[in-house]
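# Commentary on secondary and tertiary structure
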Amino acid sequence: MTQYKHIFILTGAGISAPSGIQTFRGSNGLWNGYNVEEVATPYAFEDNPNLVHNFYNDRRDDIRAKKPNAAHLALGELFEASKGMCENEIDTQITLVTQNIDDLHERGGFEETIHMHGEIFKKRCVDCWNVEDSNGDTSVGDLCSNCNGKIRPHIVWFGESPFDMVGINRCLKKCDLFISIGTSGQVAPASEFVEIAHRHGARTMEFNMERTAISQHFDDVVVGDVVETVPDWVSRFLQDYEETDVE
Ligand code: BV8
Ligand code: ZN
């Protein structure tokens, strides 16, 4: 296996599905209970803040009770290897960007996860953008500890700009391997990342239960359950790295 210098990993709801967190567009998709326009837009928050606070309060309770699965743990092992925190040391930079708002990557060991769509365990002031941890429920009565402004979930809704896009684009142009895990490729700008990476010479790999709307943009499509395919790939990558290192 090639000795990659910089691997960019993008994950979506499918990596958390085996942990019991509903995906968005699967048959029992999260949106099924709610219409997207009802809850994941700034206008919805303006029109019905109670509904939006409760939608995220329910999801926060659900996520808190879930555990990272073998795919999260395998990426955590890759992170440790890239930081020389275990015997499998590798000289490869690993960038992990997730569309997910849960904390299962962090709990799975990937301490430097970039949440481009925000984080459910954080809240933000609508006036001064002060961001604080939010482990309990949020409600319309909550006020910013910094300026007494209104509080909202620190989450990127439809129509809002994702976080860290400058850094993300820089890494997309630099990486030599782009891996997409558990995303249907239906939400922009994340769905366009594979083409940016490919244009800048990266090899591209997609891990999903089935082929997606963007599978044709990938060099390799690995069809299967992430709890099998991702640990399998990580262990082969680390094994081959070690063998090449010894030569
Ligand atoms: C922006 C936070 C400008 C909220 C989310 C018309 C056409 C094209 C685009 C648009 C359009 N109209 C508007 C847009 C833009 C819009 C968009 O893309 N809309 C879509 C619906 C058409 N995008 C935006 O508004 C974004 N902002 O564009 O601003 C901009 C652009 C660039 C730079 C600056 C500014 C903001 C989008 C963010 C919205 N917020 N989440 C919340 O979570 O409540 S999006 C939401 O969808 C989640 O983040 C989720 O992660 C994301 C994507 O979904 P997936 O992760 O892919 O999940 P999904 O269920 O779809 O798929 C799961 C996959 O896993 C499946 O493929 C399944 O097969 C697989 N799977 C399941 N189990 C397993 C598995 N695979 C393997 N093993 C398993 N066990
Ligand atoms: Zn404030």
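Our structure is the block above this text.
Below: a short report on this structure.

Rules used in this analysis
- Residues numbered from 1 in each chain as written.
- Chains lettered and ligands numbered in written order.
- Predicted model: local features only at pLDDT ≥ 70, side-chain atom pairs only at ≥ 80, totals over all residues.
- Heavy atoms only, no water.
- Donors = N, O, S within 2.8 Å, 3.2 Å for Na, K, Ca; no water.
- Helix = DSSP H or I, 4+ residues; strand = E, 2+ residues; numbered from the N terminus.
- Buried < 20%, exposed > 50% of the residue type's maximum accessible area, 1.4 Å probe, protein only.
- 1 Å grid on protein atoms, 1.4 Å probe; cavity = no way out; pocket = protein on both sides within 12 Å on 5 of 7 lines; lining within 4 Å.
- Points joined across faces, edges and corners; volume = space filled by probe spheres on them.
- Nonpolar A, V, L, I, M, F, W, Y, C, P; charged D, E, K, R; others polar.
- Pairing = 2+ DSSP bridges.
- Axes fitted to C-alpha atoms, helices over the stretch in contact; angles between N-to-C directions.
- Contact = heavy atoms within 4.5 Å.

### Some points on the coordination of the zinc ion (ligand 2)
When a metal carries six donors in an octahedron, the ideal angles between them are 90 or 180 degrees, while four donors in a tetrahedron ideally lie at 109.5 degrees. In the first shell of the zinc ion (ligand 2), the protein supplies Cys125 (SG), Cys128 (SG), Cys144 (SG) and Cys147 (SG), at 2.2 to 2.3 Å from the metal. Considered as a linear motif, the donors of the zinc ion (ligand 2) on their single chain read C-x2-C-x15-C-x2-C. Taken together, the residues Cys128 in the loop between strand S4 (118-125) and strand S5 (131-133) and Cys144 in the loop between S5 and strand S6 (151-155) connect sequence positions 16 residues apart. Owing to a relative accessible area of 3%, Cys144 belongs among the buried residues under this scheme.

### Structural notes on the layout of surface pockets
Taken as a whole, the largest pocket encloses approximately 870 Å³ of empty space. Listed by contribution, the elements that provide at least two residues to the lining of the largest pocket are helix H1 (13-16) and helix H4 (49-64). Here the lining of the largest pocket is built from residues that sort into 19 nonpolar, 16 polar and 6 charged.

### Some remarks on empty space enclosed by the protein
Tallying each qualifying case throughout the model produces 1 cavity of 30 Å³ or more. Elements supplying a minimum of two residues to the lining of the largest cavity: helix H5 (70-82), strand S7 (177-181) and helix H9 (226-246). When residues of the lining of the largest cavity are assigned to their parent elements, the largest contribution, 3 residues, is made by H9. A breakdown of the residues in the lining of the largest cavity according to their chemical character gives 9 nonpolar, no polar and no charged.

### Overview of the pairing of S7
Of all 5 residues in S7, 5 are buried, a share of seventy percent or more. Here S7 shows two buried faces, one formed by Leu177, Ile179 and Ile181 and the other by Phe178 and Ser180. Bridging between strand S1 (residues 6-11) and S7 involves 5 bridges; their strand directions are parallel. Each residue of the ladder has a partner; that of Thr11, found in S7, is Ile181. Relative to strand S8 (residues 203-208), S7 runs parallel, the two being bridged by 5 bridges. Along S8, the bridge assignment pairs Ile181 with Phe207.

### As for the sheet that holds S6
Taken in spatial order, the 3 strands line up as S5-S4-S6 in an open sheet, and their pairing is antiparallel. Taken across any chain shown, the strands that pair with only one partner, and hence form the sheet edges, are S5 and S6. Sheet twist, expressed as the average angle between the axes of neighbouring strands with direction ignored, equals 45 degrees. Here 3 bridges tie S4 to S5, and the two strands are oriented antiparallel to one another. Opposite Lys122, over in S5, you have Asp133 as the bridge partner. Its contacts with the sheet place H4 against S4 and S6, and it is angled at close to 140 degrees to S4.

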